[in-house]
Amino acid sequence: MGKKVYAIKEGFNSITNEKIENKIVNTWAECLKYVKGVKGAKYKSFEDVNEAKKFLSDAGNSSAKADNTYPKDCLHVYVDGSYNASTQEYSYGMVAVQKDVVLHIESGAGKSDSEKNIRQIAGELEGAIKGAQYARERGESKVVIFHDYVGICYHATGLWERREESSKEYYKKMQELMSSGLEIIFVKVDSHTGDLFNELVDEKCKEKLEINSDKTVEKWLSKNIINVACDEVKSEILKIAPMGEKNINVINSNYDEKNTDKTKIYGYDEIASVYNTNPEYAKNLIDNFTSKEKSEFIIFLLEGNKQTNYFKNAHAINNK
C-alpha cells in the first residue's frame, strides 16, 4: 500500500483565520489541523496524488474566470464573506458590475451561530443571495456570480450535501430564484490575486468587521480609474479607499438604460406608492437614481407634502 495524501476541498485554518480550499497535504496530522471541528469540512484520502488532484479539480457547474468563457453582456456580481474570530461575527458583501461600471455595492454583518453558520461561509452564502435578488429586482434574466468559495456554486446546485442550516436555507432560496426565471452562471475567481472587483468586495467585508486590509483597492486607484454609476457607489468605495477619490469617475445619467427605463415606467408618484407595498423594491429603484433624479424626487415629495398640509389647514379652518 502506497503512502496516502489528503485532499482538502473545504477546511479552515484557525491560526490565520482563513478558509482552506483545494489543498493537498501529506499527513493525517496536517489534514486534521484544517478539518477538525470545522463544520462542513470536505476532504478525502488517496494513495495516488493524481486522483487527489482530480478530486479537487472537479468544478461541477462552476467555471473559472481565467477560462474567460463566461457571458460578458449581462450583469456581473462579485460576492464574498469574512469572519472575525474575536467577536464571532461574520460579514457579507456584493458588488454589482455591468460593462465595467460599478452599479451597486452592499455589505452587512451578523453574529455567527455555530449551530447554523460556518464562520465566514455564512457571509459568502448571504452575499450570493443578495446578488441574485438584486439581479431579479432589476429585471435581469441572467447574472454571472463571481465567487472565491466553491460552495457558492455547489450548495446552490445541490452538488454538495447540505448539513448546516445556513447551507440548507441557501439552497432553498437560490433554487427559488433560479426557478423564477433567473439564469445564474457561477464563476470561480481566485482570491487575493489582484482582481479589482473581487478585491473590492473582499475589503467591503473586512470593513464591516473592522478588519485591516492590504488596501489593494486604494493602491489600484492610485494609477487607474474606476467608473461608478452614482455618488452613493463612490462614497462606498471612498470608505475603504479615501485617497482614491480623484480616480473614481461617476458616469453620466444616460448609462444605466435599465434603470432609466424603470424611471419611465414608474413615475415618481408610482414609486412613492410602490413603497407602501414593497419598500425594498422601491428603495432599490431610488438607490439607482442619478443625483439629478434624486433631487427631482425630493422636490416631488416636498411639493406633495406642501399640498397635503394645505388641504389639512383648509379643512381645519372650515371646521372652526
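The structure presented is a predicted model; accordingly, all values stated were derived computationally and were not measured.

Student: Quick rundown of unusual backbone geometry? Include the residues and the values.
Tutor: Trans peptide bonds make up most of the peptide bonds, and negative phi angles are found at most residues other than glycine. One non-glycine residue with positive phi stands out, namely Asn-17, at about 60°. Asn-17 sits in the partly exposed class, given a relative accessible area of 26%.

Student: With reference to specific residues and values, describe the nonpolar core.
Tutor: One finds Ile-145, Tyr-170, Met-174 and Phe-186 to be the most contacted residues of the largest nonpolar core, which totals 31 residues. Where this core is concerned, the elements lending two or more residues are β6 (75-84), β7 (89-98), β8 (101-111), α3 (121-137), β9 (142-147), α4 (151-157), α5 (165-179) and β10 (183-188). Met-174 has contacts with Ala-128, Ile-129, Ala-132, Ile-145, Ala-156, Ile-184 and Phe-186, leaving out every residue within four places of it along the chain. The next biggest cluster of nonpolar side chains, apart from the first, holds 26 residues, and it includes Tyr-70, Phe-197, Val-217 and Ile-237.

Student: So what about the packing of aromatic side chains? Which residues, and what values?
Tutor: Inspection of the entire model under this criterion finds six aromatic pairs. Between the aromatic rings of Tyr-70 and Phe-146, the centroid separation amounts to 5.1 Å while the plane-to-plane angle is 90°, which identifies the pairing as edge-to-face. Taken together, the residues span a long stretch of sequence, with Tyr-70 in the loop between β5 (62-64) and β6 and Phe-146 in strand β9 at a distance of 76 residues. The ring centre of Phe-146 lies 5.0 Å from the NZ or CZ of Lys-65, which sits over that ring.

Student: Let's hear about the side chain of Asp-195: which residues, and what values?
Tutor: As for its placement among the helices and strands, Asp-195 is situated in the loop between β10 and α6 (196-208). On the accessibility criterion, Asp-195 (16% relative accessible area) is buried. A polar side-chain atom of Asp-195 sits 2.6 Å from a polar atom in the side chain of Lys-65. When neighbours within four sequence positions are excluded, Asp-195 is seen to be in contact with Lys-65, Tyr-78 and Val-189.

Student: Break down the packing of α3 against α5 for me, citing the residues and quoting the values.
Tutor: At their nearest, the axes of α3 and α5 sit 10 Å apart, and the two run at 15° to each other. Considered as vectors, α3 and α5 are oriented roughly parallel to each other. Between α3 and α5 lies a crossing of left-handed hand. Contacts from Leu-125, Ala-128, Ile-129, Ala-132, Gln-133 and Arg-136 of α3 reach α5 at Ser-166, Ser-167, Tyr-170, Lys-173, Met-174 and Leu-177. Partitioning the contact of α3 with α5 into residue classes produces seven nonpolar, three polar and two charged.

Student: Help me get a handle on the pairing of β7, residues and values and all.
Tutor: When you tally the buried positions in β7, you get nine out of ten residues, the bulk of the element. Across nine bridges, β6 lies against β7 in antiparallel orientation. Of the residues in β7, the one forming a bridge with Tyr-78 is Val-95. Connecting the antiparallel pair β6 and β7 is a turn made up of four residues, with Gln-88 showing a positive phi of about 55°. Bridge count between β7 and β8: ten bridges; the pairing is antiparallel.

Conventions adopted
- Residues numbered from 1 in each chain as written.
- Predicted model: local features only at pLDDT ≥ 70, side-chain atom pairs only at ≥ 80, totals over all residues.
- Heavy atoms only, no water.
- Buried < 20%, exposed > 50% of the residue type's maximum accessible area, 1.4 Å probe, protein only.
- Core = buried A, V, L, I, M, F, W, Y, C linked by side-chain atoms within 4.5 Å.
- Helix = DSSP H or I, 4+ residues; strand = E, 2+ residues; numbered from the N terminus.
- Contact = heavy atoms within 4.5 Å.
- Phe/Tyr/Trp six-rings, centres within 6.5 Å; stacked < 30°, edge-to-face > 60°.
- Lys NZ or Arg CZ within 6 Å of the ring centre and 35° of its normal.
- Polar contact = N/O pair within 3.5 Å; in protein donor to acceptor, adjacent residues only side chain to side chain.
- Axes fitted to C-alpha atoms, helices over the stretch in contact; angles between N-to-C directions.
- Parallel < 35°, antiparallel > 145°, perpendicular 65-115°, else oblique.
- Left-handed = near helix turned anticlockwise from the far one by under 90°.
- Nonpolar A, V, L, I, M, F, W, Y, C, P; charged D, E, K, R; others polar.
- Pairing = 2+ DSSP bridges.

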